[in-house]
Amino acid sequence: MSEGSDYLPECYLVDGFPVWKIFPVEDTRASIDYKPRDDDIFLCSFPKCGTTWALHTLALILRHGENFGADYNVMQSGLSLGREGQVHLRHQEPQRHGCLLLLPFEKHDGLHGTFDEYFEYFITGRIGSGDFFDHLEGWYEQRNRPNILFVTYEEMKEDPEAAIFKMASFVDDAKFAEPLRQDRQKLENVLKYSSFKNEGHHQQEHGRAGI
């Protein structure tokens with residue numbers, strides 16, 4: 001690990017890879033070295049792309065709309081279908097195991113300094129997780145692979161119900177999408193508990209990570 005002098009001060013380099021300092025070094029190395037299984041599900045996104053929101057939505061889909069308890073941390077808990085989690089790493093090798101859901105979007109998140117200063121770091125790829133466009137391009141080139149699904153922040157916000165069915169059908173239509181079609185209340189629960197209003201309340205009450 002080393003400080004990246006040319007990078008945003010909130011970043012450091014882990015084996016040459018730029019990482020936000022909020023992420024432990026050992027977690028980054030574990031992500032790089034991770035060997036996936038066929039039943040794993042990953043949300044692969046650039047930071048601040050709605051990852052936590054999508055992860056929460058996916059968790060609710062896999063639970064058929066059943067809400068989480070007060071102590072449940074979606075960022076740290078495994079789910080019933082294989083192992084599920086999020087990564088912010090760029091695409092390097094064709095991923096042939098597990099399902100991958102991509103969320104291309106980026107927003108400035110109140111870092112130190114002005115927006116113009118942040119923009120210079122961002123446009124030159126000198127922020128955590130590196131160049132946004134390299135990250136997006138690498139995954140976008142793989143978009144037609146059968147185990148990769150692109151879901152955008154914008155479509156989740158514009159039509160949450162359609163996004164839910166898109167994700168559920170991709171993972172396993174019969175097991176996760178069909179129950180939502182057959183039981184409207186289950187779908188309503190996913191919509192309700194994954195809403196921004198519910199997410200904001202949950203984070204305020206229990207100190208969870210942001211959207």
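For clarity, every value in this text was computed on a predicted model and none was experimentally measured.

Novice: Help me understand the pairing of strand β3 (residues 17-20), please; the structure alone is not making it clear to me.
Specialist: Successive side chains on a regular strand alternate, one facing one side of the sheet and the next facing the other. Along β3, one buried face is formed by Phe17 and Val19 and the opposite face, lined by Pro18 and Trp20, is buried too. Note: strand β2 (residues 11-14) against β3, four bridges, orientation antiparallel. Within the sheet, the bridge partner assigned to leucine 13 lies in β3 and is proline 18. Hairpin geometry of β2 and β3 is characterised by an intervening segment of two residues between the two adjacent antiparallel strands and by a positive phi of about 50° at aspartate 15.

Novice: Is there a simple way to think about the pattern of salt bridges in this case?
Specialist: Opposite charge on two side chains permits them to pair, given that their charged atoms come into close proximity. Going through the model one piece at a time under the given rule, you end up with eight salt bridges. Residues aspartate 39 and arginine 37 are paired through a salt bridge, measuring 3.2 Å at the closest nitrogen-oxygen approach. Linking glutamate 161 and arginine 184 is a salt bridge whose minimum nitrogen-to-oxygen distance equals 3.1 Å. Residue glutamate 161 is located in helix α6 (residues 160-182), and its partner arginine 184 is located in helix α7 (residues 184-193); the two are separated by 23 residues in the primary sequence. For arginine 184, a relative accessible area of 43% translates into the label partly exposed. The network of salt bridges with shared partners includes Arg37, Asp39 and Asp40.

Novice: Quick question: what am I supposed to make of the confidence of the model for the protein here?
Specialist: Detailed reading of predicted coordinates is not advised where the pLDDT is low. With 71% of its residues at a pLDDT of 70 or more, the protein has an overall mean of 75. Low confidence marks residues 91-98, where pLDDT is under 50. Its contacts with residues over four positions away, or in another chain, come to 19 contacts.

Novice: So what exactly am I meant to see when it comes to helix α4 (residues 132-140) here?
Specialist: Since one α-helical turn is 3.6 residues long, residues separated by three or four positions face the same way. By the burial criterion, the buried members of α4 are Phe132, His135, Gly138 and Trp139. Taken down its axis, α4 places every buried residue within 140° of arc, on the same side.

Novice: Explain the packing of aromatic side chains here, please?
Specialist: Each aromatic ring pair is described using two quantities: the centre-to-centre distance and the angle formed by the ring planes. Per the counting criterion, the structure on display carries six aromatic pairs. Both rings, one in phenylalanine 132 and one in phenylalanine 133, keep their centres 5.3 Å apart while their planes meet at 80°; by these two values the pair is edge-to-face. Aromatic rings pair up to connect Phe46, Phe122, Phe132 and Phe133 into one cluster.

Novice: What is the right way to read the nonpolar core from this model?
Specialist: Across soluble globular proteins, you tend to see nonpolar side chains buried next to one another. Counting 28 residues, the largest nonpolar core has Ile61, Val171 and Leu180 as its most contacted members. Secondary-structure elements contributing two or more residues to this core are β4 (41-45), α2 (51-62), α5 (153-158), α6 and α7. The dominant element in this core, judged by the number of residues it contributes, is α6, at ten residues. Filtering out sequence-adjacent residues up to four positions away, leucine 180 remains in contact with Ile164, Phe165, Ala168, Lys186, Leu187 and Val190. Counting nine residues, the second-largest nonpolar core is a separate cluster that includes Trp20, Cys49, Phe122 and Ile127.

Novice: Where do I start with the environment of glycine 65 in this structure?
Specialist: Along the chain, the position of glycine 65 falls in the loop between α2 and β5 (84-87). The buried category is assigned to glycine 65, whose relative accessible area is 1%. As for glycine 65 and valine 190, which are separated by 125 residues in sequence, their C-alpha atoms are 4.6 Å apart. Not counting residues within four places of it along the chain, the set of residues in contact with glycine 65 comprises Leu60, Lys186, Asn189, Val190 and Tyr193.

Novice: I tried to follow the packing of α6 against α7 on my own but got confused; where do I start?
Specialist: Geometrically, a packed helix pair is captured by the angle between its two axes and the distance between the axes. Contact geometry for α6 and α7: axes closest at 12 Å, N-to-C directions at 140°. It follows that α6 is oblique to α7 by the angle criterion. Like other packed secondary-structure pairs, α6 and α7 cross with a definite hand, here right-handed. Counting all contacts with α6, which are made through Pro160, Glu161, Ile164, Phe165, Pro179, Leu180 and Gln182, the residues of α7 involved are Arg184, Lys186, Leu187, Val190 and Leu191. Per-class residue counts for the contact of α6 with α7 are eight nonpolar, one polar and three charged.

Thresholds, definitions, all that
Residues numbered from 1 in each chain as written. Predicted model: local features only at pLDDT ≥ 70, side-chain atom pairs only at ≥ 80, totals over all residues. Heavy atoms only, no water. Buried < 20%, exposed > 50% of the residue type's maximum accessible area, 1.4 Å probe, protein only. Helix = DSSP H or I, 4+ residues; strand = E, 2+ residues; numbered from the N terminus. Pairing = 2+ DSSP bridges. Salt bridge = Lys/Arg side-chain N within 4 Å of Asp/Glu carboxyl O. pLDDT = per-residue confidence, 0-100. Contact = heavy atoms within 4.5 Å. Arc of directions from axis to C-beta. Phe/Tyr/Trp six-rings, centres within 6.5 Å; stacked < 30°, edge-to-face > 60°. Core = buried A, V, L, I, M, F, W, Y, C linked by side-chain atoms within 4.5 Å. Axes fitted to C-alpha atoms, helices over the stretch in contact; angles between N-to-C directions. Parallel < 35°, antiparallel > 145°, perpendicular 65-115°, else oblique. Left-handed = near helix turned anticlockwise from the far one by under 90°. Nonpolar A, V, L, I, M, F, W, Y, C, P; charged D, E, K, R; others polar.

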